[in-house]
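Coordinates in review
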Amino acid sequence: KKLPIRYTGELHNVQLINFSVDKKEIEPLVPWKIRLRDYHGRALISMVNVELKHMHPTFLPSVVHFNYRHVAFRLLIEDAQYTYGQN
């Protein structure tokens, strides 16, 4: 997703956690067109937990800023059709 405005800021206390679950637990929750990346019968999930500080649009001075915590989960999927067959 592209935002029409560019932002700048600082990343603090970045934590990246990768884990796996039985693929059969996740498959019913994923839309039928999306195929999970299979790692020995397991689905891979990444979680990031990060504090973003001094965030502001690039066209505004840094004194006009905000801070927030961002937590995101990502489920790895088969994406060879988007990466020309590269994993």
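The present account deals with the structure reproduced in this document. (Residues numbered from 1 in each chain as written. Predicted model: local features only at pLDDT ≥ 70, side-chain atom pairs only at ≥ 80, totals over all residues. Heavy atoms only, no water.)

Topic: the overall build of the protein chain
To keep things clear, this is the line we draw: Helix and strand definitions here come from DSSP, where helices need a minimum of 4 consecutive H or I residues and strands a minimum of 2 consecutive E residues; each element is numbered from the N-terminal end. With C-alpha atoms as the basis for the radius of gyration, the globule rule is written as 2.2 Å multiplied by the number of residues raised to the power 0.38. Burial here depends on accessible area, computed with a 1.4 Å probe over protein chains only, as a share of the maximum for the residue type. Under 20% is buried, over 50% is exposed, and the range in between is partly exposed. Accessibility throughout is a Shrake-Rupley quantity obtained with a 1.4 Å probe, and a residue counts as covered only by protein chains that appear here. For this count, His and the chain ends are skipped, Lys and Arg are scored as positive, and Asp and Glu as negative. Working definition for charges: the position is that of NZ of Lys, CZ of Arg, CG of Asp or CD of Glu.
Each helix and strand counted, the protein chain has one helix and four strands in total. Start at the N end of the protein chain and walk to the C end: the helices and strands fall as β-α-β-β-β. Since a compact globule built from 87 residues should have a radius of gyration of about 12 Å, the 17 Å found for the protein chain marks it as more spread out than a globular shape. The principal-axis extent of the C-alpha atoms belonging to the protein chain is close to 50 × 25 × 20 Å. Within the span of the protein chain, comprising 87 residues, buried residues form 21% of the whole. When the accessible surface of the protein chain is summed, it comes to about 7300 Å², and 56% of that surface belongs to carbon and sulfur atoms. One finds the centroid of the 12 positive side-chain charges in the protein chain at a distance of 7 Å from the centroid of its 8 negative side-chain charges.

Some details on the packing of aromatic side chains
Put simply, the test is: Stacked, tilted and edge-to-face are the three classes applied to pairs of Phe, Tyr and Trp rings, where Trp contributes its six-membered ring and a pair requires centres within 6.5 Å; stacked means planes under 30 degrees apart, edge-to-face means over 60, and tilted covers the rest.
Across all of its chains, the model carries two aromatic pairs by this definition. Note on Phe 66 and Tyr 68: the rings are 5.9 Å apart at their centroids and 20° apart in plane angle, and the pair reads as stacked. For Phe 66, a relative accessible area of 37% gives the class partly exposed. Classification of Tyr 68 as partly exposed rests on a relative accessible area of 37%. One aromatic cluster is present, built from ring pairs that chain together Tyr 7, Phe 66 and Tyr 68.

Section: the pairing of strand E3 (residues 42-57)
Selection rule: Any two strands between which DSSP finds at least two bridges are classified as paired.
Sheet topology note: the strand E1 (residues 7-22)/E3 ladder contains 13 bridges and is antiparallel. Residue pairing for E3: Asn 18 is matched across the bridge by Ser 46. Inspection of the sheet shows strand E2 (residues 38-39) paired to E3 by two bridges, in the antiparallel sense. Note that in E3 the partner of Asp 38 across the bridge is Ala 43. In this structure, the hairpin formed by E2 and E3 is closed by a connection of two residues, where His 40 is found at a positive phi of approximately 55°. When E3 meets strand E4 (residues 66-75), the two strands line up antiparallel, connected through nine bridges. Bridged to Val 48 within E4 is Ala 72.

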